[in-house]
Amino acid sequence: MNKKTVRSELAVKLKQVSLATPLLTASGTSGTSDEINDLENSPQIIDALGAFVTKGVTLEARSGNREMRVVETRTGLLNSIGLQNSGAAVFVREELPRLANYNLPIIVNISAGQVDEFGRLSEFLMEHDHDEAIAGIEINVSCPNICAGGVAFGVDPRTVEKAVRAACQPLRRDVFSLTKMTPNVTDISEPAKGAIAGGTDGLSMINTLRGMAINVHTGSYYLGNKTGGLSGPAIKPVGIQMVHECYRTIPECRRGTVPIIGIGGIATWEDALEYIMAGATAVGIGTAWFVNPNVFVEIKTGLETYCRKHSTTITQKIGSVHEI
Amino acid sequence: MISPTQTAELDCYLRVMAHVFGGDTTHPESITWDTVPDIMPARLRDACGDFADGDIGDVCADSDRNRRTYYSFCLALIEQILKQDGWRLSRIDNTRIEPGTFGLSSAKGMDRSQPDTAVAVFGPPGGRQRLFFFFSDQDPTILADAAIKINENDNDRFEDLAVMITLSTRDMQARREASRSTAWKRGLFMAFDQLCERSAETYPDLCLPIENMFRDSVLSKPAPVEPARDKIASFRARILDHIVVGDKDSPYRKLRFEAPELAGIVPLQFIMSATRPRASAGGVREFSWQAFKTSFRDAPATYLKRPFGIHRAFHKGFPADYLTRLRLPRHVATILHPVRPDTFEVFFKVLPTGKGTREMQDLKKDMMIDMIGPLGQPFKLAKLIDQDIGEVHVIGGGVGMAPLVYLVQALRFCSVPVKAFIGIESLDHLRYRLRHEQHDLEDEPLARIHAAEGKDIHIYVDDLLQTGVERNNIYVSYDKTGDIRDIVPPANHMQGPISDLYRRSLTRHPFDKPVVAFTCGPPPMMQAIHEITRHVGIRLYVLMEKRMACGIGVCLSCVCRTTSGRSGYSRVCKEGPVFDANEIIWHEQENSPL
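Values in this document were obtained by computation on a predicted structure and should not be read as measured data.

Enquirer: Help me understand the overall build of chain A, please; the structure alone is not making it clear to me.
Expert: Helix and strand counts for chain A stand at 11 helices and 16 strands. For chain A, the residues scored as buried account for 64% of the 324 residues in total. With the model as given, the accessible surface of chain A reaches about 12,300 Å², and the carbon-plus-sulfur share is 49%.

If you want it as structure tokens, here you go:
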């Protein structure tokens, strides 16, 4: 699928898949179809990306949460979209073929309310992916905007393990799995270890932090769903610490057998490199791209310049802060 | 067996294709049977099996004849369209067209006073206005001379206009770009692909093969065909002026900015704009310790861009009020383009609770602001105008009127009669005055007309008058009364909701031709308007406004409950912002402040 030559200082590997750059779209911020192609600078954006991560796909279509779905907070964005999507059947039939136009490894973010539903969704995708367009899946055990029996799914290491095992079991051998971790826990390495025990090939962290905003002028909640997930620069230090913590305490992460995708508040190349130095192999960029359509291109150029100036590669910089 | 008539007909189509896609540069031998059957009229398709590939190349080898056939084809299509408006060919340069093709009628009564370079001149019988059609591949110096002559003779009356027909939309854009400072700046443009598309809607028999030629045989190859909608550009716009509209406490602001990147924006599409100049390369304001110390509260206030509809668009070379004099034939006007607009205005209200609009109060002349656009589905005005509608109503509440003014500008270009209904909180918010010491009056299109007389300017009302809407077709409703003398006639204003004024005007003016309406404003107001239009059989389009994050269809923040949308929601930024009012599920619309 990925016909780009991957021989640069930016190339990284996720399991058996080589990525031309360590830059990914963060799930939920780039749609499930080829909307990016409507942008004038789409060739440059796609060139800057190593892989495309879709918005969350569920087995059945979901209409999402009620309006207002988004509110801006200081250096952050609070959202409660509620996993609106057309369902797996429409996704494989109509949207996935269009994603192939990007000519990038496609990582499908999947979400479910129950453990066995993850298995069925994963199986459905594999059965219907006739062109083998899917390079990987990202198992979302952490969406703050859907309820799973009142308990956040991704908090309990044993539930995470079961969900990941169910989702990974039907995968083709060449399809890798990532698990999207929630930051709304005391110690993120615990559910991360659960995901690894369940068989995940990599970890994506972090999802949004739970948050709330109240409009003092109306005396009511800003969001229709009252609470939402916080993203944007405001959460970056939290993400850095969590990536750092997993890299430090989990041997598989340290050895590189379970790579980490660093996500949360990245807006500049320095932010991206910070995640990489903390232990991330690649990074996801989301909210910043709403602000600046050139963000992927700017970060790619920034990282390239950095690597050339210091005669280094991204791979060499992974977890470099731990050597101190 | 293929008959001689069929051969001749086939020959014509092949020549047009050879000219459009081969031009003078590549040899038309590249046209083979793999591509030809797609463009063939159905009646010819079966009969032409005897042709060999080589024959086709032979047919099209004469590039000069190909060009003349192409001219004939274009002019035949234009003649067909103009006929609907009662216009006819008044003069033609026979040496430049291929005789006997596509049934182009020959002109009588050649007008010797006109420049000799004209290929064809069309005008209404007895009318004074004329359109001179030229082709972009004619000698550029002759074209420029012709345009200058026409402009000079016309003397700003807009009775004679030069139209340049280009090979494609992309070609047209390039020429419009290049023409901004040259002799053609007062002329109009027309692209061949748009001409075909336009004609195909009206004359399927004549144009279907050409339509297919674009769709099937060409789009799969590198070809000079631009997709219908402009790609979304991200760019920096220069602020030209920031005007407070209304009395000194008024929250209304008008921003004028320069953005050639937006030239392709269609009325009712929108832009997203940053609320302050960008501070750092990453698009995120760099943390400033000084700012942090002095004003923590204000330092990193906003992050996202804000959506705005376009209030007005200005074309260099065309005075702002040119539409008061221009009377274009309606059907062809939808594919006529002036030089590219490069100056735009947005009109907005500073919300007491809105961080973004509050920040925008500090925007000043020459600041560079990040924007993206054009956004949203381009509304197909050509289709609307085809329906032989009697008139269009636009009903705007507060700043909701702003994007409708740009729509009116486009409708007036096509000579569509318009009635405008403006709902405003206070009449004092409409009025403003420009002063030499604060504003560059040379640049201000409204000031040139009003400031000289020392008169107040009224937002919306004067904008609409400039687009050629008559004063007695402008209606104003308000909550707080004020001085309304000289704004609109007494029968056209009232205190109360805009929907009441609209309802009242309808009972007073029954209509016999179909009427189409557009509305934009707070959801309850639009719903009230929908109640009215539903009962009297007016088709209503609503322009939805929602809080947005990305503007390009990926974040799903700006969704709106509709019957047409997947999962019960449509994205305002992608499927919208214009919806048929019947698609909106009104009782599920939130009325929270944006």
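Enquirer: Got a minute to help me understand the packing of helix α8 (residues 269–278) of chain A against helix α10 (residues 295–309) of chain A in this structure?
Expert: The packing of two helices is summarised by the inter-axis angle and the distance between the axes. All names here are of chain A. Between α8 and α10, the shortest axis-to-axis distance is 8 Å and the interhelical angle comes to 65 degrees. Remark: the crossing between α8 and α10 carries right-handed chirality. Here Trp 269, Ala 272, Leu 273 and Met 277 of α8 lie close against α10, whose contacting residues are Ile 299, Gly 302, Leu 303 and Tyr 306.

Enquirer: Help me understand the sheet that holds strand β16 (residues 282–285) of chain A, please; the structure alone is not making it clear to me.
Expert: Hydrogen bonds between backbone atoms are what pair the strands of a sheet, whose relative direction is either parallel or antiparallel. Residues and elements named next belong to chain A. If you trace the 8 strands from one edge of the open sheet to the other, you get β3-β16-β15-β10-β9-β8-β7-β4, paired in parallel fashion. Looking at the sheet topology across the chains shown, the edges are occupied by β3 (23–25) and β4 (52–53). One ladder, built from 5 bridges, connects strand β8 (residues 134–140) with strand β9 (residues 176–180); its direction is parallel. Bridged to Gly 136 within β9 is Phe 176.

Enquirer: Looking at this model, I keep getting lost on the interface of chain A and chain B. Mind explaining?
Expert: Opposite the 47 residues of chain A that make contact, chain B presents 43 residues. Here chain A and chain B share an interface that buries about 4,000 Å² over both sides, 54% of which is from carbon and sulfur atoms. The interface formed by chain A and chain B holds 4 salt bridges in total. In this structure, the salt-bridge partner of A:Glu72 is B:Arg306, at a minimum N-O distance of 2.7 Å. Mapped onto the side of chain A that touches chain B, the elements with two or more residues apiece are β5 (70–73), α2 (88–99) and α9 (287–291) of chain A. In terms of residue count, α9(A) provides more of the side of chain A that touches chain B than any other element does, 5 residues in total. Taken together, the residues of the side of chain A that touches chain B break down into 15 nonpolar, 19 polar and 13 charged.

Enquirer: Please explain empty space enclosed by the protein as it appears in this structure.
Expert: Residues and elements named next belong to chain A. Counted under the stated rule, the structure contains 5 cavities of 30 Å³ or more. If you add up the space inside the largest cavity, you get close to 520 Å³. As for the largest cavity, its lining consists of 39 residues, of which Ser 27, Gly 28, Thr 29, Asn 79 and Thr 208 are closest to the centre. For the lining of the largest cavity, the element with the highest residue contribution is α9, accounting for 3 residues. For the lining of the largest cavity, the residue count by class is 18 nonpolar, 19 polar and 2 charged.

Enquirer: Sorry if this is basic, but what is going on with the pattern of salt bridges here?
Expert: It is possible for side chains of opposite charge to pair when their charged atoms get near one another. Using the criterion set out here, one finds 45 salt bridges over all chains in the structure. Among the salt bridges present, the one from A:Lys193 reaches A:Glu190, with a minimum N-O distance of 3.8 Å. Linking A:Lys193 with A:Glu190, this pair stays in helix α5 (residues 189–198), spanning 3 residues, or about one helical turn. Looking at A:Lys193, the relative accessible area reads 37%, which means it is partly exposed. Owing to a relative accessible area of 37%, A:Glu190 belongs among the partly exposed residues under this scheme. For the salt bridge of B:Asp370 with B:Arg236, the shortest nitrogen-to-oxygen distance reads 3.1 Å. Highlighted residues: B:Asp370 in strand β12 (residues 368–375) and B:Arg236 in strand β6 (residues 233–245), separated in sequence by 134 residues.

Enquirer: Explain the pairing of strand β9 (residues 306–309) of chain B here, please?
Expert: Consecutive side chains of a regular strand alternate in pointing toward one face of the sheet and then the other. Residue and element names in this part refer to chain B. A one-sided burial pattern is seen for β9, the buried positions being Arg 306 and Phe 308 and the unburied ones Pro 307 and Gly 309. Pairing geometry for strand β8 (residues 270–273) and β9, over 4 bridges, is antiparallel. Paired with Ile 271 across the strands is Phe 308, a residue of β9.

Enquirer: Please clarify how the confidence of the model for chain B should be interpreted in this entry.
Expert: Detailed reading of the predicted coordinates is not advisable wherever pLDDT falls low. Residues and elements named next belong to chain B. On average, residues of chain B score 79 in pLDDT, and 75% of them are at 70 or above. Contacts of residues 213–228 to residues separated by more than four positions or lying in other chains number 29 contacts, the stretch itself having pLDDT below 50. Counting interchain partners and residues more than four positions distant, the pLDDT-below-50 stretch residues 280–285 has 17 contacts.

Enquirer: What exactly am I supposed to notice about the nonpolar core here?
Expert: For soluble globular proteins, nonpolar side chains are generally found buried alongside one another. If you look at the biggest cluster of nonpolar residues, it comprises 142 residues, and the most contacted ones within it are A:Met205 and A:Trp289. The element best represented in this core is α10(A), accounting for 6 residues. With residues up to four places along the chain from it excluded, the contact list for A:Trp289 reads A:Thr29, A:Ser30, A:Ile36, A:Leu39, A:Ile45, A:Val295, A:Phe296, B:Ile552 and B:Val554. Of all hydrophobic cores here, the second largest spans 109 residues; its members include B:Ile243, B:Tyr322, B:Phe347 and B:Cys414.

Enquirer: So what exactly am I meant to see when it comes to helix α7 (residues 169–178) of chain B here?
Expert: Think of an α-helix as 3.6 residues a turn; residues three or four steps apart then line up on the same face. Residues and elements named next belong to chain B. If you check which residues of α7 are buried, you get Thr 169, Met 172, Gln 173 and Arg 176. Buried positions in α7, seen along its axis, are confined to an arc of 100 degrees and lie on one side of it. Between a side-chain oxygen at the N-terminus of α7 and the backbone nitrogen of Asp 171 the separation is 3.0 Å; the capping residue is Ser 168.

Enquirer: Teacher, can you tell me more about the packing of helix α6 (residues 236–249) of chain A against α8(A) here?
Expert: Residue and element names in this part refer to chain A. Axis separation between α6 and α8 bottoms out at 8 Å; the angle between their running directions is 25 degrees. Compared by their axis directions, α6 and α8 come out roughly parallel. Taken together, the residues of α8 that come into contact with α6 (itself represented by Lys 236, Gly 239, Ile 240, Val 243, His 244 and Tyr 247) are Asp 271, Glu 274, Tyr 275 and Ala 278. For the contact of α6 with α8, the class distribution of residues is 5 nonpolar, 2 polar and 3 charged.

Calculation criteria
- Per chain, residue numbering runs from 1 following the sequence as it is written.
- By the order in which they are written, chains take letters starting at A while ligands take numbers starting at 1.
- At least 70 in pLDDT is required for a residue's local features to be given in this predicted model, at least 80 for side-chain atom pairs to be given and counted, and no such filter applies to totals for whole chains, interfaces and linings, which use all residues.
- To obtain the side-chain values, all non-hydrogen atoms of the structure were used and water was disregarded.
- Put simply, DSSP H or I for four residues or longer makes a helix, DSSP E for two residues or longer makes a strand, and each gets a number counted from the N terminus.
- Partly exposed describes any residue whose relative accessible area lies between the buried limit of under 20% and the exposed limit of over 50%, with all areas from a 1.4 Å probe on protein chains only and scaled to the type maximum.
- Per-residue accessibility takes into account occlusion by the displayed protein chains alone, with areas from the Shrake-Rupley method and a 1.4 Å probe.
- Lines fitted to the C-alpha atoms define the axes, with helices restricted to the stretch that makes contact. Angles between their N-to-C directions range from 0 to 180 degrees.
- By convention the crossing between two helices is left-handed if the near helix lies anticlockwise of the far one by an angle smaller than a right angle, and right-handed if it lies clockwise.
- For this analysis, residues touch if any pair of their heavy atoms sits within 4.5 Å.
- Following DSSP output, two strands are said to pair if at least two bridges run between them.
- The buried area of a pairing is the accessible area, by a 1.4 Å probe, that goes missing from both parts when the two are put together, added over both.
- Salt bridge, as used here: a side-chain nitrogen of Lys or Arg that lies within 4 Å of a carboxyl oxygen of Asp or Glu.
- Throughout, the ten residues Ala, Val, Leu, Ile, Met, Phe, Trp, Tyr, Cys and Pro are labelled nonpolar, Asp, Glu, Lys and Arg are labelled charged, and all others, Gly among them, are labelled polar.
- For each structure, a 1 Å grid was placed over the protein atoms alone; sets of points admitting a 1.4 Å probe that cannot get out are labelled cavities, open sets with protein on both sides within 12 Å along at least five of seven lines are labelled pockets, and lining residues have an atom within 4 Å of a point.
- Grid points are joined across faces, edges and corners, and a volume is the space filled by probe spheres set on the points.
- Confidence per residue, as judged by the predictor, is encoded in pLDDT with a range of 0 to 100.
- Residues grouped as a nonpolar core are buried Ala, Val, Leu, Ile, Met, Phe, Trp, Tyr and Cys residues, joined through side-chain atoms within 4.5 Å.
- Regarding the arc, it is the one traced by the directions from the helix axis to the C-beta atoms.
- Whenever a nitrogen or oxygen atom comes within 3.5 Å of another N or O atom, the pair is scored as a polar contact, on the condition that within protein one atom can donate a hydrogen and the other can accept it, and that pairs from neighbouring residues in sequence are kept only if both atoms are in side chains.
- For classification purposes, angles smaller than 35 degrees are called roughly parallel, those larger than 145 roughly antiparallel, those between 65 and 115 roughly perpendicular, and all remaining angles oblique.

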